[in-house]
Each structure stands twice: as C-alpha cells, then as structure tokens.
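Examination of the molecular architecture
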Amino acid sequence: MPSHAKSREGEVEVTHAAGVATVAIARPQAMNALNLTTKAALLDALQSLARDESVRCVVLTGRGDAFSVGQDLKEHITLLHEAPEQVWRTVREHYNPIIEVVATMDKPVIAAVNGIAAGAGASLACAADFRYLADTAGFAMAFAGVALSCDSGASWTLPRLVGVAKAKELMMLGTRLDAAESLRVGLATDVVPAAELSEHVAGVAAALAAGPTLALGAIRRAVAFSASASLGEALAYESDLMDRTGASADHAAAVDAFLDKRPPDFTGH
C-alpha cells in the first residue's frame, strides 16, 4: 500500500506512511472495547502487516480518549445468554493469535497508549516492544474485577516487565496505575504530554523503520526465547540468528558504510 494510504475494516483503521503502519482500534464511543468484529479485524490487519515486507514498524493505538478497555462486556453479557459457546472460544480464536503475531512479527512494535489500557487492552500494549504513554493514560489489569483469569498473554508479558510480585499485585488487586506510576514500575517506556504523543511516537517509529528490520526482528525473537531457555540454548539460538542476519544485505551495507565512514542505508533485508 502506498505511503499515507489508509484502510478501514470493521472498527480497525490502518494507516501507512514511509514504512510505518499505524493500527488504531476505532470504537471511541465504546472506549475501544473489543467486540468480535473488532477482534477479527485487528487479527486480520496484524497478520497482513506481519507478512508485508514494506512495513518495517507497527504502531498500535486507539481513537478517542482510550487505548482500549479490553473485552466488550456488553457483548460478553449478551453472548453469555444467547450463545455461550462463543464466549470462551474468543480467547483461542482471537486474543491468543493477536498477541502471538504482535510478539513474534519480524519488525518492532510500538504501543502509543493514548488513554486507559485495561484488561486485554493492557495485555495488548504489554506485548509491544515499546509503550509510550500520554501523561493522561494509565493501566488497569481488570480481569479479577469481573471474576476472570488473565488472558492475552498477561501472565507471560507482565511479570517480565514489572516482576512476578508486582504482576500478581496488579492482576489480583486490580490496581490502576496512572502514567507516572506506570513509568516507575517499568510498564511505560516513557511518558509524554498527551498533545505530543503522536509526534513523539512518529519520530521513534520512523527511526526504527529506517533501521535494519531483519536484525531488529531477530533481537526481539532472541529476547523472547531466552526468557524460558537455558544459557546454552540461548547461546545456540543467538548463533542461528547471527547466521541469518550476518548473511543479510543490511549487514553488508553496514560494513561498507563503516569502511566508507558514512551512515548506512538499510533496506530491511
């Protein structure tokens, strides 16, 4: 899709500009709650972007005053009465693959948290590599408040960001964190004034999109792998990824640029 092109499917908007794809959940009237239509559209969009080699960085955000408050509880209640078999299938059919594609695509992912991120919305932000928060934003791991276990990868991502003890506190007590506290405990990469969030994230995304995409994807894979591997396994996996990135056009370009004493021009391959 050409630069600055925009597409919309269901309640998800995708905008492309210079190698950066911005995926916005677009249900501002419902604080970007995730109903079935939105989850299906979000999954389709992310899977498409993961395959698209012209996309070298993905930004996740929400329209309006919220990032996403997670599961649409109005739809959830309706389905409990009318089609209960659909209620729990959505974890395996939508939430799990959404988080997996966010966490494993071979390109960096930024969450631009423009407002409250709660429940599965918070989990979605946690699956990204970077979380830039507006100073008016915050997190709430709201699962226990509706007598549900955590989902969307929260049990995996949250302890790795804030530690096991803090993750249990946030999920079991449902503690809501404002932007400043999110930064203090490690949930936020940085906090910026709300009016500057889009511009700040655009700058970071542009820098990442101009970088060695294959190498950035390999780094995020290596970090994820090492979280549950022995040192020997991690070293072996790093060796495999080094073979892959060492044979890349970007590595050759970086070597040539070093010898020529000029900045490298990466293509992402």
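In case you missed it, the structure is sitting above this.
Residues numbered from 1 in each chain as written. Predicted model: local features only at pLDDT ≥ 70, side-chain atom pairs only at ≥ 80, totals over all residues. Heavy atoms only, no water.

1. A word on the environment of Lys166
By the element assignment, Lys166 lies in helix 6 (residues 164–173). Through-space distance from the C-alpha of Lys166 to that of Val185 is 8.3 Å; in sequence the pair is 19 residues apart. For Lys166, the residues in contact, after removing those within four places along its chain, are Glu181 and Val185. (Helix = DSSP H or I, 4+ residues; strand = E, 2+ residues; numbered from the N terminus. Contact = heavy atoms within 4.5 Å.)

2. Digging into the pattern of salt bridges
In this structure the tally under the stated criterion is nine salt bridges. In this structure, Arg89 and Glu93 form a salt bridge, with 3.1 Å as the shortest nitrogen-oxygen distance. Pair noted here: Arg89 and Glu93 are both in helix 3 (residues 84–104), with a separation of four residues, about one helical turn. For Glu93, a relative accessible area of 41% puts it in the partly exposed group. In the salt-bridge network here, residues are joined through shared partners; they are Asp106, Arg221 and Arg244. (Salt bridge = Lys/Arg side-chain N within 4 Å of Asp/Glu carboxyl O. Buried < 20%, exposed > 50% of the residue type's maximum accessible area, 1.4 Å probe, protein only.)

3. Considerations on the pairing of strand 8 (residues 130–134)
In terms of burial, strand 8 is largely enclosed, as four of its five residues are buried. Looking at chain direction, strand 6 (residues 109–113) and strand 8 are connected through four bridges and run parallel. Each residue of the ladder has a partner; that of Ala112, found in strand 8, is Tyr132. Taken together, the three bridges between strand 8 and strand 11 (residues 190–192) define a ladder with parallel strand orientation. Looking at strand 11, one finds that Tyr132 is bridged to Asp190. (Pairing = 2+ DSSP bridges.)

4. Examining helix 3
Between its first and last C-alpha, helix 3 extends 31 Å over 21 residues, near the 30 Å set by a 1.5 Å rise per residue. The sharpest bend along helix 3 measures roughly 40 degrees and falls at Thr90. Among the residues of helix 3, Val87, Thr90, His94, Tyr95, Pro97, Ile98, Ile99, Val101 and Val102 are the ones counted as buried. (Expected span 1.5 Å × (residues − 1). Bend = angle between axes of the 7 residues up to and from the residue.)

5. Looking at the pairing of strand 3 (residues 20–25)
Taken across its six residues, strand 3 has five buried, putting it largely inside the fold. Judged from the six bridges that link them, strand 2 (residues 12–17) and strand 3 form a sheet pairing that is antiparallel. Bridging from a neighbouring strand, Ala17 pairs with Val20 of strand 3. Count of turn residues in the strand 2/strand 3 antiparallel hairpin: two residues, of which Ala18 carries a positive phi of about 50 degrees. Alignment of strand 3 against strand 4 (residues 57–62), held across six bridges, turns out to be parallel.

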